Structures are given as C-alpha cells and as structure tokens.
Amino acid sequence: MRILILGAGGIGGYFGARLQAGGSDVTFLVRPARAAALQTTGLKVHSPLGDVAVTPRLLGAVDSPVDLVLLSCKAYDLDSALNAIAPAVGPDTVLLPLLNGVAHLDRLDARFGRARVAGGVAHLALTLDADGGIRHLNATEKLIVGARDPAQQPVIAALGDRLAALSPDYTLSADIEQAMWDKLVFIATLAGATCLMRAPIGDILDSCAGPALIAGLLDEAAAVATACGHPPTPAHMDGYRAVLTQRGSTLTASMLRDLQRGAQTEAEHIFGDLRERAARHALATPWLDLAHAHLQAADAQRRRVSESAG
C-alpha cells in the first residue's frame, strides 16, 4: 500500500512516522521549508508511548496516484491542500481526512466523490518543538478510521491491519461519521470554554460561571449533533462530563494554544459550522454563539495586527 501524507506536522508527522517505522510505504508531501528541516534532522517523535525517528521520503509535488492519501491539514488550508493532492487521487485512491469537525466531508465529497472519501478521528495532544520535532503531550493516542462507502472497504481494511499491529488504540469503526460527530461535540465544548476563558478546565470550574458555561456548551453541541442525526450516546455524554468537570484539570484545547500564539484558528470550521447547522433546525445556541463571536473578534484583531506589521 502506497501512502501519501500531506504535511509532516503534528497529526500527519506523528502517524506517518509510526506507520513508516512499522514498515509501511509512506511519502510526505511537504512545503520547501519543512522539507529542508526534515532533510537535516529527520522526522522525530518524542512520546511517553515511545520515541520514533525515521528518515522520511519527501515530495514537493505529486504526479501519480497512490493507494491512500492521509489528509491532516488545518481546515483553513483545505482548499490549497485539495489542489496539492489532486494528482495523487486515482480511480481507486482513498482519502482519509484527520481534521477536526465534519464540514470538510462535504467539500471533499464534492471535489473527489463520496466513494473516495473515508473518515477518521484522532485523539491526542501534539506540538512542534523548536527544532521541528513532534512532541506528544500526554499518554493518549487514540485513532479511529472507517469507510463511508463500500468501495473503500479493501483499502481501509488493509490500513486497519497495519494500524492494529502498531497499537491497540488504533481501531476501525463501522460508523465513522458518528465517531467524528462525537469528537466534534467534545472539542466544541473544550475549545469553546478554554478559548472564551483563556484558561484550563480546572480554573474555569473554579470560576463563578464556569460550570454553567461548560454544561451549556456541551448541551448545545449535543443538541446540534442530535438534530443532524448523530446523537451522542449517554455513555459518551457521561464520559465527556467526567473529563470536563475534573477539578484541578490542566486540560486545554489546541485551539487555545493557537489563539495564544496569535495564529489563525479553526473557529469557522467548528463553531461556524455548528451554528449554521443549528440554524437549519431552529436551535438556539447562545453559548456557541458567544464562543464563535469571541474567536471572530480575536481573528479580526490578529488580521489587523498582521496588516499593520506588513
């Protein structure tokens, strides 16, 4: 199986390195600056679950189809990413996006056809070191993949075998879209709360309105998922509440880390999409509205600062 991974940042670099170290045929499609750094240092993963160091095969552009394209870009880079991977998509190629949210599925389906677009969910916290290495911030590395169309089953099954050989936390799902919605409900709550309050979960819970904020975001996100045909199970909701009400927790969303370093966020892909879907079903979402407005204002400030600096 020939696997092409767009980018070698957090998600793509982490799972690409794991797959390559496990014997898979992996190539990374990267920008020139990242390619230059990787040619010097190699691709390194520092993790509580075991470090990995590989010499990656790198491309600046592709000109022939592969079996599987793993797509792990930020949502705001999706248009350029689709153009970059298009030459790698042949009649039997399967695309596996590992983006947060679900809005990208419609865009991928429209560009390449639903029969080529599988689904995936990654649960792990990653950051890039100053030297370009990938640092795993906790001991969780959950990966769920699944087919959305029968035509994808052979490639996804083969990938599943490779993943299962690497970790028991890499699994196949018979209902991958539900798994994606489940993560969206959680990440919207975590990102909404930690970005609004600019604080980790434990500090938010100690504030006067923090518990109500977290509960409100979770209930609204779950209501949107339910209206869209993907209700979280009671067990999932209990699990979310347990994580999101843990006193003293230092948990934050990666979106907060983006916000704090003045980077663009995926606010539109997460909160904009949820609010659009809520409007279609006449659902009131005041907490999600507030989180979205906060991030929109921060993005407007970021653009203004960038324009004045330029």
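Thresholds applied
Residues numbered from 1 in each chain as written. Predicted model: local features only at pLDDT ≥ 70, side-chain atom pairs only at ≥ 80, totals over all residues. Heavy atoms only, no water. Helix = DSSP H or I, 4+ residues; strand = E, 2+ residues; numbered from the N terminus. Rg over C-alpha atoms; globule rule 2.2 N^0.38 Å. Buried < 20%, exposed > 50% of the residue type's maximum accessible area, 1.4 Å probe, protein only. Contact = heavy atoms within 4.5 Å. Areas by Shrake-Rupley, 256 points an atom, 1.4 Å probe, with all protein chains shown as cover. 1 Å grid on protein atoms, 1.4 Å probe; cavity = no way out; pocket = protein on both sides within 12 Å on 5 of 7 lines; lining within 4 Å. Points joined across faces, edges and corners; volume = space filled by probe spheres on them. Nonpolar A, V, L, I, M, F, W, Y, C, P; charged D, E, K, R; others polar. Arc of directions from axis to C-beta. Pairing = 2+ DSSP bridges. Axes fitted to C-alpha atoms, helices over the stretch in contact; angles between N-to-C directions. Right-handed = clockwise from strand over helix to strand, strands pointing away.

How would you explain the overall build of the protein if you had to name every residue and give the values?
Scanning the protein from N- to C-terminus turns up 12 helices and 12 strands. On C-alpha atoms alone, the protein measures out to a radius of gyration of 19 Å, which is about the 19 Å that the 2.2 N^0.38 rule sets for 310 residues. Residues classed as buried in the protein amount to 51% of the 310 residues present. In the protein, the share of contacts with a sequence separation of at least 24, taken over all contacts with a separation of at least 6, comes to 70%. Per element, the accessible surface of the protein, about 13,700 Å² overall, is 53% carbon and sulfur.

Summarise the layout of surface pockets; cite the residues concerned and give the values.
Within this model, the second largest pocket holds a volume of roughly 220 Å³. If you trace the second largest pocket, you find 14 residues lining it, with Gln264, Thr265, Ala267, Glu268 and Asp299 closest to the centre. For the lining of the second largest pocket, the elements supplying multiple residues, two or more each, are helix H11 (267-280) and helix H12 (286-309). At five residues, H12 tops the list of elements feeding residues into the lining of the second largest pocket. Split into classes, the residues belonging to the lining of the second largest pocket amount to five nonpolar, four polar and five charged.

Help me get a handle on helix H2 (residues 32-41), residues and values and all.
For H2, the complete set of buried residues consists of Arg34, Ala35 and Leu38. Viewed end-on, H2 has its buried residues packed into an arc of 100°, placing them on one side of the element. Of the residues in H2, the exposed ones pointing more than 90 degrees away from the buried face are Pro32, Ala33, Gln39 and Thr40. Looking at the buried positions of H2, the neighbouring elements they touch are strand S3 (43-46), strand S5 (57-59), strand S9 (126-128) and strand S10 (134-136).

Quick rundown of the environment of Met1? Include the residues and the values.
Among the secondary structure elements, Met1 is positioned in the segment before strand S1 (2-6). Judged by relative accessible area, Met1 falls into the partly exposed class, the value being 24%. When the C-alpha positions of Met1 and Leu159 are compared, they lie 8.3 Å apart, and in sequence the two are 158 residues distant. Here Met1 is in contact with Asp25, Asp67, Leu68, Val155, Ala158, Leu159 and Arg162, once residues within four sequence places are set aside.

Requested: an account of the sheet that holds S9, with residues and values cited.
Within a sheet, each strand pairs with its neighbour through backbone hydrogen bonds, oriented either parallel or antiparallel. Spatial ordering of the open sheet is given by S4-S3-S10-S9, a layout of four strands whose pairing is mixed. What marks the edges here is a single partner per strand, and that holds for strand S4 (52-54) and S9. In this sheet, neighbouring strand axes are inclined to one another by 15° on average, regardless of whether the strands run parallel or antiparallel. With three bridges joining them, S3 and S4 adopt antiparallel strand pairing. Looking at the pairing, Lys44 lines up with Ala53 of S4.

Please set out the pairing of strand S7 (residues 94-97) residue by residue, giving values where relevant.
Going residue by residue along S7, you find Val94 and Leu96 tucked away on one face and Leu95 and Pro97 tucked away on the opposite face as well. In the sheet, strand S6 (residues 68-71) pairs with S7 via four bridges, with the strands oriented parallel. Residue pairing across strands places Val69 opposite Leu95, the latter belonging to S7. Regarding the hand of the β-α-β motif, the stretch spanning S6, helix H3 (residues 78-85) and S7 is right-handed.

Run through the sheet that holds S1, naming residues and quoting values.
Pairing within the open sheet is parallel, and its five strands lie in the order S5-S2-S1-S6-S7. In the strand order of this sheet, the two ends are held by S5 and S7, each with one partner. Between one strand axis and the next, the sheet turns through 25° on average, direction left out of account. Where S1 lies against S6, four bridges are found, and the strand directions are parallel.

Requested: an account of the side chain of His104, with residues and values cited.
Among the structural elements, His104 can be located in helix H4 (residues 103-112). Looking at His104, the relative accessible area reads 0%, which means it is buried. Setting aside residues up to four positions removed in sequence, His104 forms contacts with Leu78, Pro97, Leu99, Met180 and His269.

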